[in-house]
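The residues making up each chain are set out below.
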Amino acid sequence: MIDFSLPEDLAAERDRIRRFVVDKIVPYERDPRLTSHGPNDELRQELVELARAEKLLTVQAPEELGGRGLTHVEQAVVYEAAGWSTLGPVAMNCAAPDEGNMFLLSKVANPEQTDRYLMPVINGHQRSVFAMTEPGGAGSDPGQLATTATFDGENFTINGRKWLITGADGAKTWIIMAKLEANPHLDGPIPEGPTLFLAEGGTPGITIERTMNTMDRNYVGGHGVVNFENLVLPAESLLGESGQALRYAQLRLAPARLTHCMRWLGAAERAQSIAVEHAKTRTAFGKPIGEHEGVSFMLADNEIALHQCRLTIWHACWLMDQGHKARHESSMAKSYVSEELFKVADRCVQVLGGIGISDETVVEMIFRDMRAFRLYDGPTEVHKWAIGRKVLRD
Ligand SMILES: Cc1cc2nc3c(=O)[nH]c(=O)nc-3n(C[C@H](O)[C@H](O)[C@H](O)COP(=O)(O)OP(=O)(O)OC[C@H]3O[C@@H](n4cnc5c(N)ncnc54)[C@H](O)[C@@H]3O)c2cc1C
């Protein structure tokens, strides 16, 4: 049976979230604390308190950790509504990278690590980072990871350099990917794959060299270049099993790449609504521009893309709710949705004419913020490469 209808309570919650975002969050889009490096921590905390007051904070968290334990399909509906403003997910604590990090930690962290590193993030008091990408080569190809960890029987010592680390400035919960080096204190053979470690922001040995100047500004704290120089972490900092970092990263990435799709779908809808309004009211050559086929076709293409993207997301979510890993489907969704929604945003800029590239409307910000979506959590080409290999193999 295929049933695309939404349960009444879920539809009502979607509408409540949309109203919350429109009434309480959208007014902050012109707040100077939304800086070129993203919302600052003061703004984030203010937004988080608004969501907390409405019982909309971290609703995706597992029930035993204080959330509602949403299914993937429920998440799709909730995140799309939150995404109407890029600040919506920040307020509701379901923005990247915290959302993916919370998911990973809820699956892998032990009880002590959960209390120390996860719960403060779920409660909205702390932020987290996932530090994998490196200037030397580890990006699409994490096999090139050069950051090392050595064990002396008591502590790990981490050395390496990372970049594009979202939220590095000010985050307290750090998940760091490094490769264990051979040494006599390790039991058994050295694992081939890299390992994840937990650290607290501000620990000596973690230096944020700088926050990069990027074209997006929706992520709290921006994106940092980080140096680990003799970062000493106790043995209990090991997250999960050694050598399993890539497996855990996959665990995080499959749902995380879908949640990006959900949030950006909401933002693209917002851009479309602004473009539609403009097309109805702006006139050229004796009629509203929307009555010129060139413009109405752009709006129609957007409508089709938004619908297709929603169906693609919902299908992958539904599969995951049935217990499938849906790696292939989430990969197809990520590459398709990121490319299509960016085209939607681009057409919205075009419909707006010259003001499309100005901050007279939020479309310009959505366009810039959304560009990076085609790169992170697997660039389109890398997803297509994997999809192509599967097609040929099967
Ligand atoms: C806004 C933003 C936030 C990010 N946040 C984080 C974060 O918090 N933590 C973190 O660790 N990283 C983060 N990243 C990094 C992100 O994970 C990488 O940018 C991504 O994995 C791509 O790696 P790269 O930038 O090194 O590009 P590269 O791997 O160097 O790729 C460059 C180009 O080569 C193409 N390419 C690579 N391999 C293939 C292939 N097999 N076939 C065809 N084309 C290929 C890619 O598609 C791309 O177009 C972030 C990136 C961005 C843009």
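Residues numbered from 1 in each chain as written. Predicted model: local features only at pLDDT ≥ 70, side-chain atom pairs only at ≥ 80, totals over all residues. Heavy atoms only, no water.

Caption draft 1: Region of the structure containing helix H2 (residues 41–53). Taking 1.5 Å as the rise per residue, H2 with 13 residues should run 18 Å; its terminal C-alpha atoms sit 18 Å apart, in good agreement. Residues of H2 that are buried: Leu43, Arg44, Leu47, Val48 and Ala51. Summarising the axial view, the buried residues of H2 lie within an arc of 135°, below the 170-degree limit, and thus occupy one face. What points out from H2, more than 90 degrees from its buried face, is the exposed set Glu42 and Ala53. Looking at the packing, one finds that the buried side of H2 touches helix H1 (8–25), strand S1 (34–35), strand S2 (38–39) and helix H4 (88–91). The N-cap residue of H2 is Asn40: its side-chain oxygen and the backbone nitrogen of Glu42 are 3.2 Å apart. Where H2 terminates, the next one or two residues include Lys55, which has phi positive at roughly 55°. (Helix = DSSP H or I, 4+ residues; strand = E, 2+ residues; numbered from the N terminus. Expected span 1.5 Å × (residues − 1). Buried < 20%, exposed > 50% of the residue type's maximum accessible area, 1.4 Å probe, protein only. Arc of directions from axis to C-beta. Contact = heavy atoms within 4.5 Å. Polar contact = N/O pair within 3.5 Å; in protein donor to acceptor, adjacent residues only side chain to side chain.)

Caption draft 2: Examining the packing of helix H7 (residues 245–281) against helix H8 (residues 293–321) more closely. Direction vectors running N to C along H7 and H8 enclose 160°, while the axes themselves pass 10 Å from each other. Judged on the interaxial angle alone, H8 and H7 are roughly antiparallel. Here H7 and H8 pass one another in a crossing that is left-handed. The segment H7 lies against H8, with Pro255, Leu258, Cys261, Met262, Leu265, Ala268, Glu269, Gln272, Ala275, Val276 and Ala279 engaging Val295, Leu299, Asn302, Glu303, Leu306, Cys309, Arg310, Ile313, Ala316, Cys317 and Met320. Among the residues forming the contact of H7 with H8, the class breakdown is 17 nonpolar, two polar and three charged. (Axes fitted to C-alpha atoms, helices over the stretch in contact; angles between N-to-C directions. Parallel < 35°, antiparallel > 145°, perpendicular 65-115°, else oblique. Left-handed = near helix turned anticlockwise from the far one by under 90°. Nonpolar A, V, L, I, M, F, W, Y, C, P; charged D, E, K, R; others polar.)

Caption draft 3: Region of the structure containing the pattern of salt bridges. Counted under the stated rule, the structure contains 23 salt bridges. Taking the shortest distance from any N to any O, the salt bridge between Arg68 and Glu13 comes out at 3.0 Å. Placement of the pair is Arg68 in the loop between H2 and helix H3 (72–82) and Glu13 in helix H1, with a sequence separation of 55 residues. Residue classification places Glu13 among the buried positions, given a relative accessible area of 15%. (Salt bridge = Lys/Arg side-chain N within 4 Å of Asp/Glu carboxyl O.)

Caption draft 4: Highlighting the site of the ligand. Around the ligand sit 18 residues in total, of which Phe130, Thr133, Ser140, Thr166 and Glu381 are the nearest. Residue Phe130 places a main-chain N or O atom 2.7 Å away from a nitrogen atom belonging to the ligand. Here a nitrogen atom of the ligand and a side-chain polar atom of Thr166 are 2.7 Å apart. Across the complex, the protein chains shield 67% of the 970 Å² of accessible surface that the ligand would expose by itself. For the shell around the ligand, the elements supplying multiple residues, two or more each, are strand S3 (128–131), strand S5 (155–166) and helix H11 (380–393). Looking at side-chain class alone, the shell around the ligand contains 11 nonpolar, five polar and two charged residues. Shared between two domains, the shell around the ligand takes at least three residues from each, and those domains are domain 2 (128–239) and domain 3 (246–393). (Near = heavy atom within 4 Å. Areas by Shrake-Rupley, 256 points an atom, 1.4 Å probe, with all protein chains shown as cover. Domains from an automatic or database assignment.)

Caption draft 5: Highlighting the domain arrangement of the protein. Looking at the assigned domains, one finds that the protein contains domain 1 (8–95), domain 2 (128–239) and domain 3 (246–393). The C-alpha centroid of domain 3 is placed 19 Å from the C-alpha centroid of domain 1. With 20 residues of domain 1 at the contact, the number on the domain 3 side is 24 residues. Across the domain 1 to domain 3 interface the summed buried area is about 1,700 Å²; carbon plus sulfur atoms make up 61%. Considering only the surface of domain 1 that becomes buried against domain 3, His72, Glu80 and Trp84 emerge as the three largest contributors, covering 38% of it. Inspection of the region where domain 1 meets domain 3 yields three salt bridges. For Arg270, the salt bridge is made with Glu29, and the minimal N-O distance between the two is 2.9 Å. Remark: the boundary between domain 1 and domain 3 carries eight residue pairs in polar contact (both at pLDDT 80 or more). Considering every element that reaches the side of domain 1 that touches domain 3, the biggest residue donor is H3, with seven residues. Residue composition of the side of domain 1 that touches domain 3, grouped by class: 10 nonpolar, six polar and four charged. (Buried area = accessible area lost by both parts, 1.4 Å probe.)

Caption draft 6: The pairing of strand S7 (residues 195–200), seen in detail. By the criterion of burial, S7 is predominantly enclosed, with five of the six residues buried. Strand direction decides the pairing type here: strand S6 (residues 173–180) and S7, joined by six bridges, are antiparallel. Residue Met177 lies in a different strand from S7, and its bridge partner there is Leu196. Examined bridge by bridge, S7 and strand S10 (residues 238–239) share two bridges and lie antiparallel to one another. Pairing of Phe197 across the sheet is with Leu238, part of S10. (Pairing = 2+ DSSP bridges.)

Caption draft 7: Focus on the pairing of strand S9 (residues 223–234). One ladder, built from nine bridges, connects S5 with S9; its direction is antiparallel. Bridged to Lys162 within S9 is Val226. Here strand S8 (residues 206–211) pairs with S9 via five bridges, running antiparallel. Its bridge partner lying in S9, Ile208 is registered against Val226.

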